[in-house]
Amino acid sequence: MTSPTPPKNPPADDLVDDSNAPEAAEEAEDELEGPACVMVFNASDPSGAGGLAADTTAIASVGGHALPVVTGAYARDTGEIFEHFCFDEEAVTEQARAVLEDIAVQVFKVGFVGSPENISAIAELTSDYADVPVVAYMPNLSWWDEDKIEDYLDAFRELMLPQTTVLVGNHSTLRRWLLPDWSGERNPTPRDIAKAASAMGVPYTLVTGIPLPDQHVENVLTSPQAVLVSEKFELFEAVFTGAGETLSAALAALLASGSDLAEATNEAMSYLDRCLDGGFRPGMGHILPDRMFWAQPEDDDAPDDGSDPDAPLDEETLRAIAALEAPNETRH
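Please read these numbers as outputs of a predicted model, since none were measured by experiment.

**Student:** Help me out: how do you make sense of helix 7 (residues 171–178) in this one?
**Tutor:** Helical periodicity: at 3.6 residues per turn, an α-helix aligns residues three or four positions apart in one direction. Among the residues of helix 7, H171, T173, L174, W177 and L178 are the ones counted as buried. Projected onto a plane normal to the axis of helix 7, the buried residues spread over an arc of 165° and lie on a single side. Where helix 7 is buried, its residues touch strand 5 (134–138), helix 6 (146–160), strand 6 (166–170), helix 8 (190–198) and strand 7 (204–212).

Printed below as a string of structure tokens:
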């Protein structure tokens with residue numbers, strides 16, 4: 001009987017001194033640990049105003065890692081949306097499942113996904129990860145066909161809201177959607193809207209853009225029982241695109257990073273305020289939030305004397321520089 005052929009390489013355990021194995025494993029884990037991961041379902045936006053462009057930039061800016069699942073694509077500029085091309089639900093599901101089998105996700109963020117079929121697929125997927133919070137953002141869909149809007153909102157209400165942890169939307173958008181038959185003399189409060197969302201299973205609602213006197217607006221995070229966060233902001237005299245997606249994406253990333261809901265909401269609103277303060281107009285349409293405002297070079301505070309920094313130095317200046325660079329034997 002022939003003896004077994006020895007392995008070409010010894011087992012890995014024989015090659016490693018495991019006397020410090022626990023410490024080495026801990027150090028390796030620390031080295032590999034990265035930013036928290038947020039899976040985002042949204043449409044591609046070639047203008048960079050909203051959609052996945054807004055999501056990925058905002059998430060990265062506050063320290064998260066975006067896992068963008070493309071649900072469709074806009075044909076749009078910074079002023080308006082001309083068309084939306086929807087992916088089918090199988091393409092959306094295959095994208096998400098491939099990533100989820102590889103990467104642990106801390107939060108799901110759902111934006112505009114294009115069709116009731118995609119809503120159904122995403123709702124089924126998130127239900128398989130019931131312990132992962134879901135931040136859902138409902139944008140203004142007035143650019144879309146009315147019959148498509150109605151079908152989309154119905155599907156989102158019935159399928160996605162029961163999976164949603166925090167619903168984010170503008171006061172007017174959420175009011176028209178969740179309280180279409182409101183007949184009170186006063187406008188519904190954020191808690192009124194939260195109660196309507198809660199009836200579909202949503203524990204928390206972040207209502208934005210609530211008009212206040214003296215050119216201010218209020219953003220309120222609330223449950224049906226109580227207001228958790230309320231912040232007032234001065235109203236910018238400009239038309240922005242992408243503010244809601246910026247806020248909801250930042251909130252999702254901050255929650256993923258371990259902040260509690262109230263803290264994450266405060267930080268996300270402060271971040272959005274800085275983004276709007278640094279807003280810019282890349283085209284001929286609306287102003288966009290500068291989601292990477294902190295990466296911009298600081299302004300030079302020195303007064304402009306009209307001199308040309310690239311002009312050659314005169315002889316007197318050159319002699320002064322030479323004197324400064326010459327060795328000095330005197331010490332004080």
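**Student:** How should the pattern of salt bridges be read in this particular structure?
**Tutor:** When the charged atoms of two side chains lie near each other, side chains of opposite charge can form a pair. Counted by the stated rule, this structure contains six salt bridges. D154 is the partner of R157 in a salt bridge, and the nearest nitrogen-oxygen pair spans 3.0 Å. With R157 and D154 both in helix 6, this residue pair falls three residues apart, about one helical turn. According to the relative accessible area criterion, D154 is partly exposed, its value standing at 28%.

**Student:** Please explain the packing of helix 7 against helix 8 as it appears in this structure.
**Tutor:** Two numbers describe a pair of packed helices, the interaxial angle and the distance between the axes. Here helix 7 crosses helix 8 at 45°, and the two axes come no closer than 10 Å. Here helix 8 runs oblique to helix 7, going by the angle between their axes. The crossing of helix 7 and helix 8 is left-handed. Note on element contacts: helix 8 touches helix 7 through I193, A196 and A197, opposite H171, L174, R175 and L178. A per-class count over the contact of helix 7 with helix 8 returns five nonpolar, one polar and one charged.

**Student:** Help me out: how do you make sense of the side chain of T208 in this one?
**Tutor:** Mapped onto the fold, T208 is located in strand 7. Given a relative accessible area of 13%, T208 falls into the buried group.

**Student:** Honestly, the packing of aromatic side chains in this entry has me stumped. Any pointers?
**Tutor:** The geometry of two aromatic rings is summed up by the distance between their centres and the angle between their planes. Under the criterion given, the structure shown has twelve aromatic pairs. Ring centres of Y74 and F112 lie 6.1 Å apart, and the angle between their planes is 20°; this geometry places the pair in the stacked category. With Y74 in strand 2 (residues 65–76) and F112 in the loop between strand 4 (107–110) and helix 5 (116–127), the pair connects residues that are 38 residues apart, well separated along the chain. Measuring from ring centre to ring centre gives 5.1 Å for F112 and Y152, while their planes differ by 45°; the resulting arrangement is tilted. Linking F112 in the loop between strand 4 and helix 5 with Y152 in helix 6, this pair joins segments that are 40 residues apart in sequence. Side by side, F112 and Y152 carry an identical accessibility label, which is buried. By way of ring pairs, the aromatic residues Y74, F112, W143, W144, Y152, F156 and W177 are connected into one cluster.

**Student:** Could you clarify how one ought to interpret the confidence of the model for the protein chain in this entry?
**Tutor:** Regions with low pLDDT should not have their predicted coordinates read in detail. Averaged over all residues, the pLDDT of the protein chain is 86; the fraction at 70 or higher stands at 80%. Note on residues 1–19: pLDDT is under 50 here. Beyond four places in sequence and across chains, it has one contact. Segment residues 320–332 is flagged for pLDDT under 50; beyond a separation of four residues in sequence, or across chains, it makes one contact in the model.

**Student:** I tried to follow the pairing of strand 6 on my own but got confused; where do I start?
**Tutor:** When a strand is regular, its side chains alternate between the sheet's two faces. Of all five residues that make up strand 6, four are buried, and the element is covered over most of its length. Each parallel crossover has a hand, and for strand 5 linked through helix 6 to strand 6 it is right-handed. Bridge count between strand 6 and strand 7: five bridges; the pairing is parallel. Pairing of V168 across the sheet is with L206, part of strand 7.

**Student:** Teacher, can you tell me more about the nonpolar core here?
**Tutor:** Nonpolar side chains in soluble globular proteins tend to be buried together. The biggest cluster of nonpolar side chains holds 45 residues, and the ones touching the most others in it are M39, F41, F108, Y152, F156, L167 and W177. With six residues, the single largest contributor to this core is helix 6. If we ignore the near neighbours within four places in the chain, the residues touching L167 are A136, L161, L174, W177, L178, A197, V202, Y204, T205 and L206. Grouped together as the second largest cluster of nonpolar side chains are 35 residues, L52, V168, A249 and A250 included.

**Student:** What is the right way to look at the side chain of T173 in this model?
**Tutor:** Structurally, T173 can be placed in helix 7. Excluding anything up to four places from it in sequence, T173 contacts M138, P139 and N140.

**Student:** Before we go on, may I ask you to explain unusual backbone geometry in this structure?
**Tutor:** In this model, D214 sits at a positive phi of 60°, which is unusual for a non-glycine residue. Turning to its location among the elements, D214 is positioned in the loop between strand 7 and strand 8 (216–222). The class for D214 is exposed, based on a relative accessible area of 69%. One non-glycine residue, Q215, adopts positive backbone phi at about 60°. Looking at the element boundaries, Q215 is found in the loop between strand 7 and strand 8. Classification of Q215 by relative accessible area gives partly exposed; the value is 47%.

**Student:** How do you make sense of a negative patch on the surface when you look at a structure like this?
**Tutor:** There is a patch of like negative charges on the surface, built from D88, E89, E90, E94, E101, D102 and E117. Ranked by residue count, the leading element in the negative patch is helix 4 (residues 89–100), at three residues. Residue placement: E94 occurs in helix 4.

What counts as what
Residues numbered from 1 in each chain as written. Predicted model: local features only at pLDDT ≥ 70, side-chain atom pairs only at ≥ 80, totals over all residues. Heavy atoms only, no water. Buried < 20%, exposed > 50% of the residue type's maximum accessible area, 1.4 Å probe, protein only. Helix = DSSP H or I, 4+ residues; strand = E, 2+ residues; numbered from the N terminus. Arc of directions from axis to C-beta. Contact = heavy atoms within 4.5 Å. Salt bridge = Lys/Arg side-chain N within 4 Å of Asp/Glu carboxyl O. Axes fitted to C-alpha atoms, helices over the stretch in contact; angles between N-to-C directions. Parallel < 35°, antiparallel > 145°, perpendicular 65-115°, else oblique. Left-handed = near helix turned anticlockwise from the far one by under 90°. Nonpolar A, V, L, I, M, F, W, Y, C, P; charged D, E, K, R; others polar. Phe/Tyr/Trp six-rings, centres within 6.5 Å; stacked < 30°, edge-to-face > 60°. pLDDT = per-residue confidence, 0-100. Right-handed = clockwise from strand over helix to strand, strands pointing away. Pairing = 2+ DSSP bridges. Core = buried A, V, L, I, M, F, W, Y, C linked by side-chain atoms within 4.5 Å. Patch = residues over 30% accessible without salt bridge, like charges linked within 9 Å, V, L, I, M, F, W, Y side chains within 5 Å. Areas by Shrake-Rupley, 256 points an atom, 1.4 Å probe, with all protein chains shown as cover. Lys, Arg positive; Asp, Glu negative; His and termini not counted. Charge placed at Lys NZ, Arg CZ, Asp CG, Glu CD.

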